[in-house]
Amino acid sequence: MPKSSLDQYLLPFRGRMAAVAAAMLLVTAMAAGAQENSAANELFNYPDTVLNGIVSAQFSKPMDECRKLCEARSGCQGFDHSQKDECRLFASVGAGRVSVGSTAATRSLLSNYADPTNPPLAARLAKLKETDTDGHELFDLSKEAFKRGDRGVGMQAINLAMQRGNQGAKLEMAKWYDPRTFAPDRVDAIDSNKAARSYFELALEGNAQANSLLSSLCLDASDAGSSHSNAYENFLRTTYCEGSISP
């Protein structure tokens, strides 16, 4: 086919591919923007507190509506709400002071004041590194971090929880690698051996759920018609499915 004819043939195709690429970039940018907006809209909660600063609006509103108004306005740096349903939105926040019965929330942490009831994830992780010996709170933090889109804190927290012997954290991560429950937003690739090894070790510790998952994984791996058969190509069946823990 002459080059000019080939170019005429490929031109529409190239146009469609460019449009698809542009659409994918737009979706990626929108997703990133949504995460940034979510983080920017987060307010730190201070019970029994009123704020000092520049008030941009003041009206009578229930607590939930007051909060939503502040969250929806990028220029709102915080709000406080009294027991009489008085809502104040702040263009800037200088400080907070104790006022029993009132509630305040701010986009930035208050200086020289008590911690909010929902401190930043990274701050909570730093504290739990020192205090959570069995990994239970770290595991809970990891779930919250992933839910809020913070993969960094989520991975650190769940790994620390596992290091401290938390079975729930170890079982959760094993499921991420399991071809039947693979979590591509958490781990890079399916790994049947990692999943099976964790199930096997937990089963030896008496974890009934892990024992059940290992049994079903071995059955699935032995089924030539399994929809996950490609994931079992290098699966060490005789290692984990016949009772030996040695790789």
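Residues numbered from 1 in each chain as written. Predicted model: local features only at pLDDT ≥ 70, side-chain atom pairs only at ≥ 80, totals over all residues. Heavy atoms only, no water.

## Observations concerning the overall build of the protein
Thinking step 1. The helix and strand tally for the protein stands at nine helices and three strands.
Thinking step 2. Listed N to C, the secondary structure of the protein is α-β-α-β-β-α-α-α-α-α-α-α in terms of helices and strands.
Thinking step 3. Split into buried and exposed, the 247 residues of the protein put 33% on the buried side.
Thinking step 4. Of the contacts formed within the protein by residues at least 6 apart in sequence, a portion of 59% connects residues at least 24 apart.
Thinking step 5. Surface exposure of the protein reaches about 14600 Å², of which carbon and sulfur atoms provide 53%. (Helix = DSSP H or I, 4+ residues; strand = E, 2+ residues; numbered from the N terminus. Buried < 20%, exposed > 50% of the residue type's maximum accessible area, 1.4 Å probe, protein only. Contact = heavy atoms within 4.5 Å. Areas by Shrake-Rupley, 256 points an atom, 1.4 Å probe, with all protein chains shown as cover.)

## Things to note about the environment of Arg-67
Thinking step 1. Secondary-structure assignment places Arg-67 in helix α2 (residues 63–72).
Thinking step 2. Through-space distance from the C-alpha of Arg-67 to that of Ala-105 is 8.1 Å; in sequence the pair is 38 residues apart.
Thinking step 3. In this view, Arg-67 contacts Leu-43, Asn-45, Phe-79 and Ala-105; residues no more than four positions away in its chain are not counted.
Thinking step 4. Among the polar contacts made by the side chain of Arg-67, one reaches the side chain of Asn-45 at a distance of 2.8 Å. (Polar contact = N/O pair within 3.5 Å; in protein donor to acceptor, adjacent residues only side chain to side chain.)

## Describing helix α3 (residues 121–131)
Thinking step 1. Of all the positions in α3, only Leu-121, Leu-125 and Leu-128 are classed as buried. The buried side chains of α3 occupy one side of the element, clustering within an arc of 70° when seen end-on. For α3, the exposed residues set more than 90 degrees away from the buried face come down to Lys-127 and Glu-130.
Thinking step 2. Close packing links the buried residues of α3 with α4 (136–147) and α5 (151–163). (Arc of directions from axis to C-beta.)

## Details of unusual backbone geometry
Thinking step 1. Unlike most non-glycine residues, Asp-48 shows phi in positive territory, near 50°.
Thinking step 2. On the secondary structure map, Asp-48 appears in strand β1 (residues 44–60).
Thinking step 3. One non-glycine residue, Asn-112, lies in positive phi territory at about 50°.
Thinking step 4. Mapped onto the fold, Asn-112 is located in the loop between β3 (86–106) and α3.
Thinking step 5. The exposure class of Asn-112 is exposed, given its relative accessible area of 84%.

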